[in-house]
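# Structural features, examined
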Amino acid sequence: MGKRPLPLLVRLRGAIQAAAALLTNIHLPNFLSGRLYQGNGKRVCVPGLNCYSCPGAAGACPIGAFQAVVGSSGFRFCYYITGLLILLGVLLGRFICGFLCPFGWLQELLHHIPSPKLSSERLKPLRYLKYAVLLVMVVLLPTVLVNELGMGDPIFCKYLCPQGILEGAIPLALVNTGIRSALGALFTWKAAVLAAVILLSVLFWRPFCKWLCPLGAFYALFNRVSLFQMQVNSHRCVSCGKCANVCPMDVDITQNANHAECIRCGRCIKSCPTEAICYRYGFGNEKTKENS
């Protein structure tokens, strides 16, 4: 009996990532004019990390929007964003990171650049940094550092997010002399952060996602309970270790099918010689006990 074809999601993952990046930044002519889309779409947050100030952006970044209003009890918008993120986390978990995030896709493209590739297996403790970034830079500091209108200071977007300068500051500065003349030390710092992430992305697979992304940290909290999950058939699994060897997020799916770091990329499904791993949508146990 021949091997079953790979799931459509696995086969089309690259195309899905490209389509998600395009739809998230659909207003392409704005890159030439240096204008920002400010229509009703900006009232809705996109699922992945994507800068509000990108000329092509079709929606708001959930992290940036949350930081702007988290410090004010008068802004119901904060509850809307929090509720939306929780809903996305419950429905999809870190599937969003693996399929729908433009910056995650960019890091993967950069990793294809020919160079020595380094393993992050021994750097696993760094994965906890993103939870500190989420707690301190996204929640605590914007809650405390607010202006007279109750708007929080977007600490993460302002000082750490490389997507902001890549999608926002650089494209706008290229076509707007006023913005170019106003660039200063903060731009230099953010450009250095972006350069570091680009270099690390060539050497490591998705370093920003693994170590620093607060949005990934938030979705990771829901991986175990999300409706979209990975499933391992314990009867079919022969403990060959191939899935763990190919996992770019350093996860052994046979030990924890819905580990917080798993982005559902499907490489383990491709590598499994006995077809013991599959996607599952709905509620149930991590490991199936049924033969199939």
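Quick notes on the rules
Residues numbered from 1 in each chain as written. Predicted model: local features only at pLDDT ≥ 70, side-chain atom pairs only at ≥ 80, totals over all residues. Heavy atoms only, no water. Patch = residues over 30% accessible without salt bridge, like charges linked within 9 Å, V, L, I, M, F, W, Y side chains within 5 Å. Areas by Shrake-Rupley, 256 points an atom, 1.4 Å probe, with all protein chains shown as cover. Salt bridge = Lys/Arg side-chain N within 4 Å of Asp/Glu carboxyl O. Helix = DSSP H or I, 4+ residues; strand = E, 2+ residues; numbered from the N terminus. Buried < 20%, exposed > 50% of the residue type's maximum accessible area, 1.4 Å probe, protein only. Core = buried A, V, L, I, M, F, W, Y, C linked by side-chain atoms within 4.5 Å. Pairing = 2+ DSSP bridges. pLDDT = per-residue confidence, 0-100. Contact = heavy atoms within 4.5 Å.

The grouping of Leu135, Val136, Leu140, Leu141, Val144 and Leu145 at the surface amounts to a nonpolar patch, some 500 Å² of accessible area in total. Residue position: Leu141 is located in helix H8 (residues 129-144). Given the relative accessible area of 32%, Leu141 is considered partly exposed.

Time to look at the nonpolar core. The tendency in soluble globular proteins is for nonpolar side chains to be buried as a group. Counting residues in each nonpolar core, the largest one holds 58 residues, and the members touching the most others are Leu49, Phe156, Tyr219, Met230, Ile253 and Ile277. Broken down by element, the residue count for this core peaks at 6 residues, all from helix H5 (residues 77-92).

With that settled, the discussion passes to the pairing of strand S1 (residues 228-233). Taken across its 6 residues, S1 has 6 buried, putting it largely inside the fold. Side chains of S1 alternate between two faces, with Phe228, Met230 and Val232 and Gln229, Gln231 and Asn233 buried alike. Bridge count between S1 and strand S2 (residues 277-281): 5 bridges; the pairing is antiparallel. Following the sheet pairing, Met230 is matched in S2 by Tyr279.

We now examine the confidence of the model for the chain. Of the residues in the chain, 93% have a pLDDT of 70 or more, and the chain-wide mean is 91. A low-confidence stretch, residues 286-292 stays under pLDDT 50, and its non-local contacts, those more than four residues away or across chains, total 21 contacts.

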